[in-house]
Amino acid sequence: TSESNPCEKVKESCKRVMRNAYHVKINQEKLQELATQIQETEYKYLTWEECHFKITEDVTTEQIIAYVVVVDTLNFCFWPTSGFEYDNLTSNLTKLLKEDPDFFKSERLAKVTTEDVKTKIFTEDF
C-alpha cells in the first residue's frame, strides 16, 4: 500500500497528474527511443583514481573525507573562471592535498581566505 511505501505515493500522485494533464503529455515514442538509446550505449564510469587521486597509505581516512566534502562543496558553487571544469577542481585539490595536507583539516578550512581559494584552488594553471 502507498501508506507504508513512500515511493508508491509518488507513483500514484504522478499517475493522477498524468491522467489529468491537459497541456503536457509524455511522447511515448520518443521515450521509447531514449530508453533504447540508453540501453544500447556502453557507459564507462571513471574510477576514483581516474578522477581524483591514487589512495595511498600516507592519505588518512579523515583527509579523504575532508577532500570529498571540499570537492562537493565547491562543485555546487559558482565557478569563477571560464573554462574551469570538475577535473581542474579535483586535480588542483589533489595537488593541494599532496603539498599541504593540513589544508583539509577543519580548523584550517574554517580560516580559508579568498586569497587561499584564488591561489590554491581556482588557479589559472590548467
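See the structure printed just above.
These remarks concern the structure in this document. Worth saying up front: this structure is predicted, and the values here are computed from it rather than measured. Counting of residues starts from 1 at the beginning of each chain's written sequence and follows it residue by residue. Totals for whole chains, interfaces and linings use every residue, but because this is a predicted model, local features are given only for residues with pLDDT of at least 70 and side-chain atom pairs only at 80 or more, for both listing and counting. As a rule here, side-chain values cover all heavy atoms of the structure and leave hydrogens and water aside.

**Remarks on the overall build of the protein chain**
What counts as a helix is a DSSP run of H or I of at least four residues, what counts as a strand is a run of E of at least two, and both are numbered from the N terminus. Helix and strand content of the protein chain: seven helices and zero strands. Overall, the protein chain shows an N-to-C arrangement of helices and strands of α-α-α-α-α-α-α. For the exposure calls, accessible area comes from a 1.4 Å probe over protein chains only, and a residue counts as buried if that area is under 20% of its type's maximum, exposed if over 50%, partly exposed in between. When each of the 126 residues of the protein chain is scored for burial, the buried share is 23%. Contacts: residue pairs with any heavy atoms within 4.5 Å of one another. Counted over contacts in the protein chain with a minimum sequence separation of 6, partners at least 24 positions apart contribute 46%. The accessible surface values rely on the Shrake-Rupley method and a 1.4 Å probe; as for residues, cover is taken only from the protein chains in view. Counting only carbon and sulfur atoms, one obtains 56% of the accessible surface of the protein chain, whose full area is about 10200 Å².

**What to know about the packing of helix H4 (residues 61-75) against helix H5 (residues 86-99)**
The convention used is that axes are lines fitted to C-alpha atoms, helices contributing only their stretch in contact, and that angles between N-to-C directions extend from 0 to 180 degrees. Here H4 crosses H5 at 145 degrees, and the two axes come no closer than 11 Å. In the packing of H4 onto H5, the handedness of the crossing is right-handed. Residues Gln63, Tyr67, Val70, Val71, Leu74 and Asn75 of H4 form the contact with H5, whose own contacting residues are Tyr86, Leu89, Thr90, Leu93, Thr94 and Leu97. Here the residues of the contact of H4 with H5 are counted per class, giving eight nonpolar, four polar and no charged. It is the rotation of the near helix from the far one that decides the hand of a crossing: anticlockwise by less than a right angle makes it left-handed, clockwise makes it right-handed. Any residue outside Ala, Val, Leu, Ile, Met, Phe, Trp, Tyr, Cys, Pro, Asp, Glu, Lys and Arg is labelled polar, Gly included; the first ten of those are nonpolar and the last four are charged.

**Quick word on the packing of aromatic side chains**
Two rings from Phe, Tyr or Trp (for Trp, the six-membered ring) form a pair when their centres sit within 6.5 Å of each other. Planes less than 30 degrees apart are called stacked, planes more than 60 degrees apart edge-to-face, and all others tilted. Evaluation of the coordinates by the stated rule reveals two aromatic pairs. Each ring, one from phenylalanine 103 and one from phenylalanine 104, has its centre 5.6 Å from the other, and the planes form 75 degrees; the classification is edge-to-face. Accessibility expressed as a relative area gives 1% for phenylalanine 103, which makes it buried. Put simply, the rings of Tyr67, Phe103 and Phe104 pair up and form one aromatic cluster.

**Quick word on the nonpolar core**
Of all hydrophobic cores here, the largest spans 17 residues; its most connected members are Tyr67, Leu74, Leu89, Leu93, Phe104 and Ile121. Ignoring sequence-local partners within four residues, the contact set of tyrosine 67 consists of Trp48, His52, Phe53, Thr90, Leu93, Thr94, Leu97 and Phe104. What we call a nonpolar core is a set of buried Ala, Val, Leu, Ile, Met, Phe, Trp, Tyr and Cys residues that are connected through their side-chain atoms within 4.5 Å.

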